[in-house]
Amino acid sequence: MSSHREAPEISKDPVADSSDLYAFVSPDDPDTVTIIANYVPMQLPASGPNFFEFGDDVLYEIHIDSNGDARPDLTYQFRFRTELRNNNTFLYNTGQIKSLDDPNWNRRQFYSVTKVDAHGKSTVLHSKLPCPPCNVGKISIPDYEKLASDAVKKLKTGEKVFAGQRADAFFVDLGSIFDLGTLRPFQDKHLVGKTLFNYAGKAVNALDKLNVHSIAIQVPLAAVRRGGKKAVRGRDPGAVIGIWTSASRRQVQVRQGDKKNADVEVGPQVQVSRLGNPLFNEVIVPMAQKDLWNSLSPAEDKRFAGFVEKPELASLLPVLYPGLFDNLAKLNKAKTPRADLVAILLTGIPDGLIKDFQNTTGATKADMLRLNTAVPPAKDPKAFGLLAGDLAGFPNGRRIEDDVVSISIRAIAGVTFALVDQTFKPDAAAGLVEQGLSIKNVSSKLLKKFPFLGTPFDGFDNP
Amino acid sequence: MSRVRYGSRAVNRLSRRRVLAIAATAGVGVSVAGVTGLSLAGETAAKDDGQPLVISLRDASKGTFDIFSGGSKTTLTDKKLAARLLKAVKR
């Protein structure tokens, strides 16, 4: 999966665990960029009486680098606060919830939005915005879509924000991929799978009908571009921004047992989760360093560059699928650093490799989701993004419907190495391999407007 | 997110699960030998009078303490205080 439970320590702390990050020029308002950071992954919809929520003790941040130094030039901070209306009930809601201030809704969550500029100056943009409730069920919440829509707020400074539960739109066949790298459509070609199957299998979206908590913000492009430009050419370095999200906790917590209100949380914030490109920490970074990676800034990522230059998965593919990745095996044997993957994941794609496209942020090696903001939204988005000639798709930012798993597998399999070495001929399988899923395997349909992610699955119909 | 925070690699590398803390209330009578203040943009430096602070004896042999208060961490060295605390907990 993109980054759900991707590191040993953070997998035990789901409230602070970033699972997916999306960034794209907004199709509903092309003068803005939409950024969505998902947390609290893999929520079963039927989770009463204590439904999911953000952590009041977690600092959630979305960072934007506009000058390529892998340090934030603009950060949005989100802090949450839970309020209980009725101390004498065990219920989340004591009747139907028909509005965001409905007295029947017992446990509500609010959040503040703070903007921090490149100099560290912070400004509270709003101190109390409402989250919608979790989608308990249609008995409790007869019109969930209205509540969610009411929770979309436009700030005086021009940003649009939303924070709350959404259907997880990431699609991945976790069950097969982490069962020795099996892709069900190719299970009969797999080293072990071919002893069990003589037919291609059908992929299963392991995350379907699960929810997440999303922090979504839509920001005017001029506010995120270097120099505040309202319009830029695609070749302009100032057109490209780098994006990542992080979650932090106070360095010290002292629990006082029955004196709950006396619990102490003090000290600087310590970063416990980070996410830029999908799958970076999950697939590239060795398990022993995943939690370290989570604690660091993208500016530190050069220390992980070796894992990008020689990714473990590239060495596994020829072994797991004998005879299908012979050219990749030769490339691995030659120990040629994967400059293509370094460009895609760490520096951005320089001008000249792909016609009329670049999203480089310079020489600093950093895992950030890079978006050339001069590329308008595609009229006919392709799930394979840049690999399919769709310049508005991953790895130029990331749209919700992009098949980042298949794109990443193809890239690691060698498809993109030909961009940097024209003498290299990718294996035929590298251009065909895919996980066998698409956004159509997500049961909750995407919205056509902000915050785009679909209505969360309700607990009544998804027990 | 401040640049200051990203410069604080030593702090970031600390596992929150490894922090051994001694809770105390404000008013520790020791002199500050060295201070490495750490602040975070957006973490308002409000007055913490009366608020709890937490002291961690990071290196008993050198008497190095980390003092966590509000959103900041301050380091001081006091061998005598370290010795008294160790005696108090029979170590």
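Coordinates for the structure precede this section.
Worth saying up front: this structure is predicted, and the values here are computed from it rather than measured. (Residues numbered from 1 in each chain as written. Chains lettered and ligands numbered in written order. Predicted model: local features only at pLDDT ≥ 70, side-chain atom pairs only at ≥ 80, totals over all residues. Heavy atoms only, no water.)

1. Here's the deal with the overall build of chain B
Tallying secondary structure elements over chain B gives three helices and four strands in all. Tracing chain B from N to C terminus, the helices and strands come up as α-α-β-β-β-β-α. The buried share among the 91 residues of chain B stands at 35%. Pairs at least 24 apart in sequence give 51% of the contacts found in chain B among residues at least 6 apart. Total accessible area on chain B is roughly 5600 Å²; 53% of this is exposed by carbon and sulfur atoms. (Helix = DSSP H or I, 4+ residues; strand = E, 2+ residues; numbered from the N terminus. Buried < 20%, exposed > 50% of the residue type's maximum accessible area, 1.4 Å probe, protein only. Contact = heavy atoms within 4.5 Å. Areas by Shrake-Rupley, 256 points an atom, 1.4 Å probe, with all protein chains shown as cover.)

2. Notes on the overall build of chain A
Within chain A, the secondary structure is distributed over 11 helices and 12 strands. Here the C-alpha radius of gyration of chain A, 22 Å, is about what a compact globule of 463 residues would show, namely 23 Å. With respect to the three principal axes, the spread of C-alpha positions in chain A is 70 × 55 × 45 Å. Residues classed as buried in chain A amount to 56% of the 463 residues present. A sequence separation of at least 24 residues applies to 65% of the contacts in chain A between residues at least 6 apart. Surface accessibility of chain A: about 18800 Å² in total, with carbon and sulfur atoms responsible for 54%. Counting 57 positive and 53 negative side-chain charges, chain A places the averaged centre of each group 2 Å from the other. (Rg over C-alpha atoms; globule rule 2.2 N^0.38 Å. Lys, Arg positive; Asp, Glu negative; His and termini not counted. Charge placed at Lys NZ, Arg CZ, Asp CG, Glu CD.)

3. Observations regarding the pairing of strand 12 (residues 369–372) of chain A
Residues and elements named next belong to chain A. By the alternation rule, side chains of strand 12 split into Leu369 and Leu371 and Arg370 and Asn372, which are all buried. Pairing between strand 10 (residues 240–254) and strand 12: four bridges, direction antiparallel. Bridge pairing in strand 12 links Ile241 to Leu371. (Pairing = 2+ DSSP bridges.)

4. Digging into the layout of surface pockets
A water-sized probe, rolled over the atoms, reveals where empty space remains. Residue and element names in this part refer to chain A. Reported here for the second largest pocket is a volume of approximately 1100 Å³. If you go around the second largest pocket, you meet 49 residues; those closest to its centre are Ile177, Phe178, Glu282, Val283 and Leu313. When residues of the lining of the second largest pocket are traced back to their parent elements, those giving at least two are helix 2 (174–177), helix 4 (280–284), helix 5 (287–295), helix 7 (312–320), helix 9 (339–347) and helix 10 (404–413). Among the residues forming the lining of the second largest pocket, the class breakdown is 38 nonpolar, five polar and six charged. (1 Å grid on protein atoms, 1.4 Å probe; cavity = no way out; pocket = protein on both sides within 12 Å on 5 of 7 lines; lining within 4 Å. Points joined across faces, edges and corners; volume = space filled by probe spheres on them. Nonpolar A, V, L, I, M, F, W, Y, C, P; charged D, E, K, R; others polar.)

5. Details of the pattern of salt bridges
All names here are of chain A. Scanning the entire structure with this criterion turns up 23 salt bridges over all chains. For Lys12, the salt bridge identified is with Glu9, shortest N-O distance 3.5 Å. By relative accessible area, Glu9 is classed as partly exposed at 27%. A network of salt bridges, in which partner residues are shared, links Arg81, Glu83, Arg108 and Lys128. (Salt bridge = Lys/Arg side-chain N within 4 Å of Asp/Glu carboxyl O.)

6. Examining the pairing of strand 11 (residues 264–275) of chain A
Residue and element names in this part refer to chain A. For strand 11, the buried fraction is high: 11 of the 12 residues fall into the buried class. Across nine bridges, strand 10 lies against strand 11 in antiparallel orientation. Within strand 11, the position partnered with Ser248 by the bridge is Gln271.

7. Some remarks on the sheet that holds strand 8 (residues 160–167) of chain A
Picture the strands of a sheet paired through backbone hydrogen bonds; they go either parallel or antiparallel. Residues and elements named next belong to chain A. The strand order across the open sheet formed by five strands is 1-2-9-8-7, and the pairing between neighbours is antiparallel. Either end of the sheet is taken by a strand with one partner, and the two such strands are strand 1 (18–25) and strand 7 (153–154). Relative to strand 2 (residues 32–43), strand 1 runs antiparallel, the two sharing seven bridges. Its bridge partner being in strand 2, Phe24 is matched across the sheet by Thr34.

8. Details of empty space enclosed by the protein
All names here are of chain A. Summed over all chains, the structure comprises four cavities of 30 Å³ or more. Computed from the structure, the largest cavity encloses a volume of approximately 100 Å³. Together, 15 residues line the largest cavity, and Phe52, Glu53, Tyr92, Gln109 and Pro132 are the ones closest to its centre. When residues in the lining of the largest cavity are grouped by element, the largest group, three residues, is from strand 5 (residues 107–117). Across the lining of the largest cavity, the residue classes tally to eight nonpolar, four polar and three charged.

9. Some remarks on the side chain of Asn277(A)
Residues and elements named next belong to chain A. For Asn277, the position within the fold is in the loop between strand 11 and helix 4. A polar contact of 3.3 Å, which involves the side chain of Asn277, links it to the backbone oxygen of Leu345. Excluding residues within four positions of it along the chain, Asn277 makes contact with Ile344, Leu345, Asp367, Met368, Leu369 and Phe394. (Polar contact = N/O pair within 3.5 Å; in protein donor to acceptor, adjacent residues only side chain to side chain.)

10. Some remarks on the environment of Leu453(A)
Residue and element names in this part refer to chain A. Its location among the elements puts Leu453 in the segment after helix 11 (417–420). Distance in space between the C-alpha atoms of Leu453 and Ser18 is 16 Å, their sequence separation being 435 residues. Those residues in contact with Leu453 that lie beyond four places of it in its chain are Ile36, Asn38, Arg166, Ala167, Ala169, Ser214, Ile400, Leu446 and Leu447.

11. Some words on the side chain of His190(A)
Residues and elements named next belong to chain A. Mapped onto the fold, His190 is located in the loop between helix 2 and strand 9 (211–220). Here the side chain of His190 touches Leu180 through a polar contact of 2.6 Å, landing on its backbone oxygen. Beyond its immediate chain neighbours, meaning those up to four positions away, His190 contacts Leu180, Gly181, Thr182, Leu320 and Tyr321.

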